Amino acid sequence: MVSATMYAAVDWADRWLDCAVIARDGTRLGFRRVIYKNTSDPVAEVQDLLRSCNRTRWRTIPIGTEDPDGLVFQAMEDAGLTVVGIEPILAARTRKATTMGLTKSDRADAYLLADMLRTGGDRFRPVPRSSPEARAVRVLARAQAAAVKRRSRALHQLRAVLVTYYPAAVTAWPRLTLRHAQARAVLAAAPTPARAAALSRTELAGILRDAGRWRTVDDEAERLSLHFRRPALRTHPMVEVAKGVEMRAVLDTLDHACYAAVQLSEQVAEAFGAHADALVLQSFPGIGPLLGARILGEIGDAPGRFATARNLCAYAGVVPVVWASGLAQRTSHRRFANETLREAIWQAAFCSLTKSPGAAAFYRRRREGGESHNGALRNLAARLLRALHHCMATHRLYDEILAFRDIHPAESRAG
């Protein structure tokens, strides 16, 4: 809960910071624009402004910002200042409500954020300070997730190009995807149907070996040779060559995305394994190094960040929102949540169905009660998050019997 005699805010831009300070009654106490090229330490400039407004307790003045993950604000946290995150969409709606959307400036935005802290009460809380280890895990986990998405986009682009002139390549590997090393190696050596049909069995076998295949290489080369030589619809040779050039450009992008995803996965696993909470997270069914790193990175390891398990579930977006007005009442999907954490915990819940008898029984019970697949999975994710909140707070490993004591009542009483 943010409560102080003064409130500050910083509106961030590429070339400067606009800093504003107001009193509890709304009086404007100070403003300063910190231009990056004129100072080597913008945080010191902000501290000087706060000190000029309150010489004795300037460190306790909360500072509102829309970008608490920015470099400047991380430096403010390291300097002992209290940084408070404000959702950009909430700031935009407040700006529209107070100015009717007619005016906007960086200076006005700084005063607006400070006033939101003043009038916000307990809606705003200081940004929790996770350890450097947890912050490093979050950076790597987000980078790895972004690399996987880039790989998926490149894979779809590659397939979209191939179906326009080279359909045999799309159907050549029924058990593998086009992002597999063998498929990418063959496409790199044969970017057009004409070139693929001209490859000998020996050449195909060599390409497959270089791509890492070591079993039934000759049989696979024979199959691919026959497949590429089958009669098929072809475009004009000049257009085919041009399409091959286009395909190679997309294939290069896919190669880079695949390499980045693999390298980042290794870095994520290494950083996550060195964290103290890694054993707790990996003790949960369905959570491995990658999912564990994503969950840890978004939750953080700041003590007391989530006072209750419900707070954590709301942050992950797995508890509904109740809307009531008069006699009308409805329950709806929670749209504002940490999307990265929500995606990770849903994947963990889905994977736990084959790893945990209690999770599978809980899911079946919800489905038999009339819930949809998404509803049952959301409730399972909330169940796992509540258990995770307890285990991380007490530094205990996951216990299947205790987590699903209503599913295994006899075993829980015996324990």
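Check the entry above for the structure.
Our subject in this report is the structure included herewith. Since this is a predicted model, take the numbers as computed values, not measurements.

Points about empty space enclosed by the protein
Counted according to the given criterion, the structure contains one cavity of 30 Å³ or more. Taken as a whole, the largest cavity encloses approximately 30 Å³ of empty space. Around the largest cavity, the lining residues are Ala8, Ala9, Val10, Cys19, Ala20, Val21, Val46, Leu49, Leu50 and Ile63. Looking at the lining of the largest cavity, the elements that each hand over two or more residues are β1 (6-12), β2 (16-23) and α1 (42-53). Per-class residue counts for the lining of the largest cavity are ten nonpolar, no polar and no charged.

Comments concerning the pairing of strand β4 (residues 62-65)
Covered by surrounding structure in β4 are Pro62 and Gly64 together with Ile63 and Thr65, the residues of both alternating faces. In this sheet, strand β5 (residues 82-85) lies alongside β4 in parallel orientation, the contact comprising four bridges. Bridge pairing links Gly64 to Val84 in β5.

Brief notes about the sheet that holds β4
Here five strands make up an open sheet; going across it, the order is β3-β2-β1-β4-β5 and the pairing mixed. Each having just a single partner strand, β3 (28-35) and β5 make up the two edges of the open sheet. In this sheet, adjacent strand axes meet at a mean angle of 25° when their direction is disregarded. Looking at chain direction, β1 and β4 are connected through two bridges and run parallel. Within β4, the residue paired with Ala8 across the bridge is Ile63. Its contacts with the sheet put α1 on β1, β2, β3 and β4, and the angle it makes with β3 is roughly 165°.

Focus on unusual backbone geometry
Phi is positive for Thr216, close to 45°, though the residue is something other than glycine. Here Thr216 lies in the loop between α9 (201-210) and α10 (217-229). Judged by its relative accessible area of 45%, Thr216 is partly exposed.

Section: the nonpolar core
In this structure, Phe284, Ile295, Val318, Leu380, Leu385, Leu388 and Phe404 are the most contacted members of the largest nonpolar core, which totals 46 residues. At the level of elements, α5 (132-162), α11 (237-273), α12 (278-282), α13 (289-299), α14 (309-316), α15 (339-352), α16 (357-368) and α17 (373-394) are the ones that each hand at least two residues to this core. At eleven residues, the largest contribution of residues to this core is made by α17. Setting aside its immediate chain neighbours within four residues, Phe284 contacts Leu384, Ala387, Leu388, Cys391 and Tyr398. The next biggest cluster of nonpolar side chains, apart from the first, holds 32 residues, and it includes Tyr166, Val170, Ala205 and Leu254.

Focus on the pattern of salt bridges
Under the definition given, this model contains 19 salt bridges. When the shortest N-O distance is used, the salt bridge between Arg95 and Asp109 registers 2.9 Å. Taken together, the positions of Arg95 in helix α3 (residues 88-99) and Asp109 in helix α4 (residues 106-120) put the pair 14 residues apart, joining distant regions of the chain. The same class applies to Arg95 as to Asp109, namely buried. Note that Glu298 is salt-bridged to Arg142, the shortest N-O span being 2.9 Å. Of the two residues, Glu298 is situated in helix α13 and Arg142 in helix α5; the sequence distance between them amounts to 156 residues. The partly exposed category is assigned to Arg142, whose relative accessible area is 37%. Taken together, the shared-partner salt bridges in this structure form one network comprising Arg32, Glu45, Asp48 and Arg51.

The rules behind the values
- Residues numbered from 1 in each chain as written.
- Predicted model: local features only at pLDDT ≥ 70, side-chain atom pairs only at ≥ 80, totals over all residues.
- Heavy atoms only, no water.
- 1 Å grid on protein atoms, 1.4 Å probe; cavity = no way out; pocket = protein on both sides within 12 Å on 5 of 7 lines; lining within 4 Å.
- Points joined across faces, edges and corners; volume = space filled by probe spheres on them.
- Helix = DSSP H or I, 4+ residues; strand = E, 2+ residues; numbered from the N terminus.
- Nonpolar A, V, L, I, M, F, W, Y, C, P; charged D, E, K, R; others polar.
- Buried < 20%, exposed > 50% of the residue type's maximum accessible area, 1.4 Å probe, protein only.
- Pairing = 2+ DSSP bridges.
- Axes fitted to C-alpha atoms, helices over the stretch in contact; angles between N-to-C directions.
- Contact = heavy atoms within 4.5 Å.
- Core = buried A, V, L, I, M, F, W, Y, C linked by side-chain atoms within 4.5 Å.
- Salt bridge = Lys/Arg side-chain N within 4 Å of Asp/Glu carboxyl O.

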